[in-house]
Amino acid sequence: MTLNPQFQQIGESFVKQYYLIFDGDREGREKLVNFYHGELSLMSFEGVQVQGAAQIIEKIKGLSFNKIARAITTVDCQPTFDGGVMVNILGQLKMDEDPVHGFSQTFVLKPMNDSFFIQHDSFRLVIHNQ
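Worth saying up front: this structure is predicted, and the values here are computed from it rather than measured.

*Asks:* With reference to specific residues and values, describe the pairing of strand β5 (residues 101-112).
*Replies:* Direction of pairing for strand β4 (residues 85-95) relative to β5: antiparallel, over a ladder of 9 bridges. Paired with M86 across the two strands is V108, which belongs to β5. Here β5 hands over to strand β6 (residues 115-126) after 2 residues, with N113 in that stretch at a positive phi of 55°.

*Asks:* Could you give me a rundown of the sheet that holds strand β1 (residues 42-45), with the residues and numbers involved?
*Replies:* Strand pairing in a sheet relies on backbone hydrogen bonds, with the paired strands running either antiparallel or parallel. Strand order in the open sheet made by the 6 strands is β2-β1-β6-β5-β4-β3, with mixed pairing throughout. If you trace the sheet from one side to the other, it starts and ends with β2 (48-51) and β3 (68-79), each paired once. Adjacent strand axes in the sheet meet at a mean angle of 20°, parallel and antiparallel pairs treated alike. Sheet strands in contact with helix α1 (residues 7-22) are β3, β4, β5 and β6, and its direction is about 155° off that of β3. Sitting on the sheet, helix α2 (residues 53-61) is in contact with β1 and β2, with an inclination near 25° to β1.

About the cut-offs
- Residues numbered from 1 in each chain as written.
- Predicted model: local features only at pLDDT ≥ 70, side-chain atom pairs only at ≥ 80, totals over all residues.
- Heavy atoms only, no water.
- Pairing = 2+ DSSP bridges.
- Helix = DSSP H or I, 4+ residues; strand = E, 2+ residues; numbered from the N terminus.
- Axes fitted to C-alpha atoms, helices over the stretch in contact; angles between N-to-C directions.
- Contact = heavy atoms within 4.5 Å.

Okay, structure coming up:
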C-alpha cells in the first residue's frame, strides 16, 4: 500500500495530455489507444460499458461530433492505495453546433512498469431537463 506523493501532478498532466488529443483532430483520437490497456481498461460512456483498448477506441471513434471545445472547471485528484491516481474532471463542452453542456469524467490511473494506464474511465453529460 503505497500512496504516490506526486498524485496531483500526475493527474493534472494526464488531463492536459488526454484532452489535447481528444479535443484535437477527429482522426487523431485513435492515438488515445496508448492510454488504455488491451484488456484491463473499462469505460462507461453515458451508461454504455466497454472493455479493452480496441473496443474503447472504437467507441470514441464512433462519436458523431467533429469539433469539440472544452472548458474545465475543476480537476480533483486522489492517490489510490496501489500507487495510482483517481482523477475527477468537471467542466463544460460544446460539440459542433450543439448547445454547451456540463460534463463529468472520472479516471482511475493504474501504475504499470514506469508509467500509468487508464483502468477506469467514466463519462457523463450533465443535462438538466426543464
